[in-house]
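A look at the structure
The residues making up each chain are set out below.
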Amino acid sequence: MTTRAAHLPRKGTEARVGAVPAGVRRGHPGWTPWLYLLPALVVLGGLLVYPIYQLGLISFLEYTQAQVSGGEPTSFQGLGNYSALFSDSQFWQVLLATVLFAAACVLATLAVGCALAVLLTRIRAVPRLALMLAALGAWATPAVTGSTVWVFLFDPDYGPVNRLLGLGDFSWTYGRYSAFALVLFEVVWCSFPFVMVTVYAGIKAIPSEVLEAAALDGASQWRTWRSVMAPMLRPILVVVTIQSIIWDFKVFTQIYVMTNGGGIAGQNLVLNVYAYQKAFASSQYSLGSAIGVVMLLILLAVTLVYLRLLRRQGEEL
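Source: prediction; values computed, not measured. What you see as residue numbers is a count from 1 along each chain, following the sequence as written. Thresholds applied to this predicted model are a pLDDT of at least 70 for local features of residues and 80 or more for the giving and counting of side-chain atom pairs; totals over whole chains, interfaces and linings are not thresholded and use all residues. Side-chain calculation: all heavy atoms of the structure are included, whereas hydrogens and water are not.

1. So, the overall build of the protein
A helix here means a DSSP run of H or I that spans at least four residues, while a strand means a run of E at least two residues long, and both kinds are numbered starting from the N terminus. Looking only at helices and strands, one finds 15 helices and 2 strands in the protein. When each of the 317 residues of the protein is scored for burial, the buried share is 34%. Of the contacts made within the protein by residues no fewer than 6 positions apart, 66% connect residues no fewer than 24 positions apart. For every accessible area listed, the method is Shrake-Rupley and the probe measures 1.4 Å; residues are considered covered only by the protein chains on display. Total accessible area computed for the protein in this model is approximately 19600 Å², and 66% of it derives from carbon and sulfur atoms. Working definition: with a 1.4 Å probe on protein chains only, accessible area under 20% of the residue-type maximum means buried, over 50% means exposed, and in between means partly exposed. Note on contacts: a residue pair qualifies if any of its non-hydrogen atoms lie within 4.5 Å across the two residues.

2. So, the nonpolar core
Nonpolar cores are built from buried Ala, Val, Leu, Ile, Met, Phe, Trp, Tyr and Cys residues. Side-chain atoms within 4.5 Å join them into one set. One finds Leu85, Phe91, Phe101, Phe249, Ile255, Leu271 and Tyr274 to be the most contacted residues of the largest nonpolar core, which totals 42 residues. Among the secondary structure elements, those contributing two or more residues to this core are α4 (80-86), α5 (89-120), α9 (176-204), α12 (234-249), α13 (253-258), α14 (271-281) and α15 (285-312). The element contributing the most residues to this core is α15, with 9 residues. When residues no more than four places from it in sequence are discounted, the contact partners of Phe249 are Leu95, Thr98, Val99, Ala102, Leu271, Met295, Ile298 and Leu299. Leu116, Phe192, Met196 and Leu237 belong to the second largest nonpolar core, which has 22 residues in total.

3. Notes on the side chain of Ser178
In this structure, Ser178 sits in helix α9. With residues near it in sequence (within four places) discarded, Ser178 still touches Phe170, Ser171 and Trp172.

4. A closer look at the side chain of Lys278
Relative to the assigned elements, Lys278 resides in helix α14. Counted as positive: Lys and Arg. Counted as negative: Asp and Glu. His and the chain ends are not counted at all. A pairing counts as a salt bridge when a side-chain nitrogen of Lys or Arg comes within 4 Å of a carboxyl oxygen of Asp or Glu. For the buried Lys278, no salt bridge exists, and the shortest N-O distance to an oppositely charged side chain is 4.4 Å, to Asp88.

5. A look at the confidence of the model for the protein
Every residue gets a pLDDT, meaning the predictor's confidence in that residue, from 0 to 100. With 89% of its residues at a pLDDT of 70 or more, the protein shows a mean pLDDT of 85. Of all the helices and strands in the protein, helix α1 (residues 22-25) carries the lowest mean pLDDT, 46, while α5 carries the highest, 95. Taken as a whole, residues 11-18 scores under 50 in pLDDT and shows 1 contact with residues more than four places along the chain or in a different chain. Segment residues 20-25: pLDDT under 50, and 2 contacts once partners within four positions in sequence are set aside and those in other chains are kept.

6. Side note on unusual backbone geometry
At Ala265, a residue that is not glycine, the phi angle is positive and equals roughly 55°. Within the secondary structure, Ala265 sits in the loop between α13 and α14. A positive phi is found at Ser283, a non-glycine position, where the angle reads about 60°. Mapped onto the elements, Ser283 comes out in the loop between α14 and α15.

7. Overview of the packing of aromatic side chains
Ring pairs are drawn from Phe, Tyr and Trp, using the six-membered ring of Trp, whenever the two centres fall within 6.5 Å, and their geometry is named by plane angle: stacked under 30 degrees, edge-to-face over 60, tilted for the rest. Counted under the stated rule, the structure contains 20 aromatic pairs. Both rings, one in Phe60 and one in Phe76, keep their centres 6.5 Å apart while their planes meet at 20°; by these two values the pair is stacked. With a gap of 16 residues between them, Phe60 in the loop between α2 (32-59) and β1 (61-62) and Phe76 in strand β2 (residues 75-76) connect regions that are remote in the sequence. With a relative accessible area of 29%, Phe60 lands in the partly exposed category. Here the aromatic cluster, defined as three or more aromatic residues joined through ring pairs, consists of Phe60, Phe76, Tyr82, Phe86, Phe91 and Trp92.

8. Comments concerning the packing of α5 against helix α6 (residues 125-140)
Axes are the key here: two packed helices are described by the angle between their axes and the distance separating the axes. Note on geometry: axes are lines fitted to C-alpha atoms, helical ones only across the stretch in contact, with angles between N-to-C directions running from 0 to 180 degrees. Interaxial distance between α5 and α6 falls to 10 Å at its minimum, and their mutual angle equals 155°. Taken together, α5 and α6 sit at an angle that is classed as roughly antiparallel. Here α5 contributes Leu116, Leu119 and Leu120 to the contact with α6, which in turn contributes Arg128, Leu131 and Met132. Throughout, the ten residues Ala, Val, Leu, Ile, Met, Phe, Trp, Tyr, Cys and Pro are labelled nonpolar, Asp, Glu, Lys and Arg are labelled charged, and all others, Gly among them, are labelled polar. Taken together, the residues that form the contact of α5 with α6 break down as 5 nonpolar, no polar and 1 charged. Any angle between 65 and 115 degrees counts as roughly perpendicular, while under 35 counts as roughly parallel, over 145 as roughly antiparallel, and the rest as oblique.

9. Here we look at the environment of Ala102
Within the secondary structure layout, Ala102 lies in helix α5. Remark: the alpha-carbon pair of Ala102 and Leu184, spanning 82 residues in sequence, is separated by 8.9 Å. Those residues in contact with Ala102, other than ones at most four positions away along the chain, are Asp248 and Phe249.

The structure is reproduced here in structure tokens:
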């Protein structure tokens, strides 16, 4: 006959009921995610780490066409390439132009993308679908193709834009600022769809009761955006802003195609095109690598800021 005491837990076992055995807790479950990521890490290591290593290595060497062809031995220059780069006034002019151009592109892209995202919430289904398809078509267009089309549209002889605006034979690519403006238009045209779709998705996630309450309080469209939507969309706006900075800071194709390699006398150079000219047009591969390292460090700093902001807003994302 089974006694009642046989069904009672022994002394000290209550605290261990449902507990995970020590061997399981102290095993290797923390390595499991890394095992799943290992194939991707190997691929990224081959595609990113080794090229970055080679880029940094060449930036410390004397590496010109003579060394490439084997006519002269490669010599270690230390920080000589960086010293020559930082003492070149053209580098600082190009860096300033790159920062200002990227800032203008980012601000214009965010303004157009956010405005059209709000517009998508105000129009009916058919025009909304047409606008989204047109925007995605612009987004999917290759940069070379889009740049070539924009050059034709603004061509002083055959382009329809000058005729519509009554500008005659005005050349957009002749002046420095007009050429930058033309490239800016193309960059915004192919970049705003990402901002528009992302912000539109964020707006649709906002509870309708919040927007209805703002409307009942008599808030205007601008006040609703500034005081209601923008604070709630802050994590999304942070993401699209930082990504736009990274994309626009390293613009190459649009500048190279639309200004024929950097404009007249290099007046429309940005860092990417400047590095290309130094490395391949002038065969100063080490100097071009040094410019690439500087760009890498700048973008790395921007990425670290991006990750820090994401970590702060992690719960909201």
